[in-house]
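Examining the three-dimensional arrangement
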Amino acid sequence: MFKGVLIEKDENGYRAALKELDDSLLPAGDVTVKVAYSCFNYKDGLAITGQSPVVRRFPMIPGVDLAGTVEASSHPEYRVGDSVLLNGWGVGETHWGGFAQKARLRSEWLVPLPVAFTPRQAMAIGTAGYTAMLCVLALERGGVTPDKGEILVTGAAGGVGSVAVSILAKLGYRVVAVSGRMEEADYLKGLGAAEVLARAEFADPGKPLGKERWEGAIDVVGSHVLANVCATMRYGGVVAACGLAGGMDFPATVAPFILRGVTLAGVDSVMCPRPARLEAWARLARDLDLSKLDAISHEIGLSDAIPMAKTLMAGRVRGRVVIDVER
Ligand code: NDP
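Calculation rules
- Residues numbered from 1 in each chain as written.
- Predicted model: local features only at pLDDT ≥ 70, side-chain atom pairs only at ≥ 80, totals over all residues.
- Heavy atoms only, no water.
- Pairing = 2+ DSSP bridges.
- Helix = DSSP H or I, 4+ residues; strand = E, 2+ residues; numbered from the N terminus.
- Axes fitted to C-alpha atoms, helices over the stretch in contact; angles between N-to-C directions.
- Contact = heavy atoms within 4.5 Å.
- Buried < 20%, exposed > 50% of the residue type's maximum accessible area, 1.4 Å probe, protein only.
- Lys, Arg positive; Asp, Glu negative; His and termini not counted.
- Salt bridge = Lys/Arg side-chain N within 4 Å of Asp/Glu carboxyl O.
- Parallel < 35°, antiparallel > 145°, perpendicular 65-115°, else oblique.
- Left-handed = near helix turned anticlockwise from the far one by under 90°.
- Nonpolar A, V, L, I, M, F, W, Y, C, P; charged D, E, K, R; others polar.
- Near = heavy atom within 4 Å.
- Polar contact = N/O pair within 3.5 Å; in protein donor to acceptor, adjacent residues only side chain to side chain.
- Areas by Shrake-Rupley, 256 points an atom, 1.4 Å probe, with all protein chains shown as cover.

Strand order in the open sheet made by the six strands is β10-β9-β8-β11-β12-β13, with parallel pairing throughout. Of all strands in the sheet, those bounded by a partner on one side alone are β10 (195-198) and β13 (263-266). For this sheet the average axis-to-axis angle between neighbouring strands, irrespective of direction, equals 20°. As paired elements, strand β12 (residues 233-241) and β13 share four bridges and run parallel to each other. Bridge pairing in β13 links Val 239 to Leu 264. Sheet strands touched by helix α2 (residues 119-141): β8 (150-153), β11 (214-219), β12 and β13. Its angle to β11, the strand with the most contacts, is close to 155°. The strands touched by helix α3 (residues 159-170) within the sheet are β8, β9 (175-179) and β11, with β8 carrying the most contacts at an inclination of about 165°.

Our focus in this paragraph is the side chain of Asp 44. Considering the arrangement of structural elements, one finds Asp 44 in helix α1 (residues 42-49). Buried charged residue Asp 44 carries no salt bridge. Nearest counter-charge: Arg 320, at 6.9 Å. Setting aside residues no more than four positions away along its own chain, Asp 44 makes contact with Cys 39, Pro 62, Gly 63, Val 64 and Phe 99.

Our next topic: the packing of α1 against helix α10 (residues 305-313). Viewed as axis vectors pointing N to C, α1 and α10 meet at an angle of 115°, and their least axial separation amounts to 8 Å. Considered as vectors, α1 and α10 are oriented roughly perpendicular to each other. Where α1 crosses over α10, the two elements pack in a sense that is left-handed. Residues Tyr 42, Gly 45, Leu 46, Ile 48 and Thr 49 of α1 form the contact with α10, whose participating residues are Ala 305, Ile 306, Ala 309, Lys 310, Leu 312 and Met 313. Of the residues assigned to the contact of α1 with α10, the class counts are eight nonpolar, two polar and one charged.

Another point: the packing of α2 against α3. Packing of α2 against α3 brings their axes to within 8 Å, and their N-to-C directions diverge by 50°. By the angle between their axes, α2 is oblique relative to α3. For the element pair α2 and α3, the recorded crossing hand is right-handed. Along the contact surface, α2 presents Ala 128, Gly 129, Ala 132, Met 133, Val 136 and Leu 139, while α3 presents Gly 159, Val 160, Val 163, Ala 164, Ile 167 and Leu 168.

What follows covers the site of the ligand. Not every one of the 25 residues close to the ligand is listed here, only the nearest: Val 160, Ser 179, Gly 180, Arg 181 and Ser 269. Between Gly 180 and the ligand, the recorded distance is 2.7 Å, taken from a backbone N or O atom to an oxygen atom. With respect to the ligand, the backbone of Leu 244 contributes an N or O atom lying 2.9 Å from an oxygen atom. Isolated, the ligand exposes 920 Å² of accessible area, and the fraction of that covered by the protein chains is 86%. For the shell around the ligand, the elements supplying multiple residues, two or more each, are α2 and α3. Ranked by residues supplied to the shell around the ligand, first place goes to α2 with three residues. Across the shell around the ligand, the residue classes break down as 12 nonpolar, 10 polar and three charged.

Most of helix α6 (residues 223-231) is tucked away: eight of the nine residues are buried. Buried residues of α6: Ser 223, Val 225, Leu 226, Ala 227, Asn 228, Val 229, Cys 230 and Ala 231, and no others. In the core, the buried residues of α6 are packed alongside β8, α5 (200-203), β11, β12, α7 (255-259) and β13.

Here the focus is the side chain of Arg 181. Turning to its location among the elements, Arg 181 is positioned in the loop between β9 and α4 (185-191). Despite its burial, Arg 181 pairs with no opposite charge, the nearest such side chain being Glu 184 at 4.5 Å. With near-sequence residues (within four places) excluded, Arg 181 lies in contact with Ala 157, Gly 158, Gly 315, Arg 316, Val 317 and Arg 318.

Below is the structure:
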């Protein structure tokens, strides 16, 4: 038996509850993992609250991330006792995920836990942090370097934003953070932001083009914020877009792309091919200041996961939430 958060949907409605589950209920897979830690991502908040239809099979255990130890394996690459990490691949959406003490997974989804990180640190980073690094890599691929100009990070006090600010600052960029919570300005400056701007400056419908300011940008918000970010990019700048915290729409014009040569680079972590994942985790080991992870993250027990989902959806969580599945 193991404990897990179970989401059910039937004639009695959509609900999540912490349950004792039998191992025989675990889905098919060639590796069984004893989960040590999981963490909260935006998608897990959507899954538990049912705010958006991210869960596509019921009953479901949410949790797009997990870190733990191999308990059983029929795949030669993984042996009992190996430390492993998982991000995405539809886990927590179509396959039982990390908000449980045990998971059965497909070996090709797993990544060996980088030696630089403990399982807890890997989950303090989680999909949010790994996506932040994919965004940084997208900026680099577009030729953005610290000497060229400022980088804007939106939704900065959230998970992706906090890790992005920390990485970029360590790499020597001048980072400008955008947040709806100006009370988090000191926190963001502590992570390395040189300046913090109010979200309100970007939230309303804007002009097709504005004053050129940003060499690069990482956007987790979408909608008018992303449109205004694109409109204020410098000539040849690169925007890495990965999120929709403010909306799925993109009410923009093509002006920044055709008149300023701006690149809009889409970033997906879920189905991201393995070589790019390994590259992102290797770069996290090199370019993320581990002392910042303590400031970015806090820990809860599995029993606190359900109420935490509402707090996250209300945009009231700062940084990252790690889940100790043993409590
Ligand atoms: P968090 O909930 O930790 O952070 C989101 C942040 O966005 C909030 O902290 C807040 O920042 C800002 N925000 C929240 N609501 C709004 C709003 N209505 N309008 C404008 N800004 C808002 O989530 P994550 O950082 O984990 O994820 C951010 C986004 O990135 C999500 O949309 C998520 O789905 C997406 N994502 C995508 C991935 C991919 O593979 N493409 C992977 C991981 C995440 P502040 O208070 O500072 O303004």
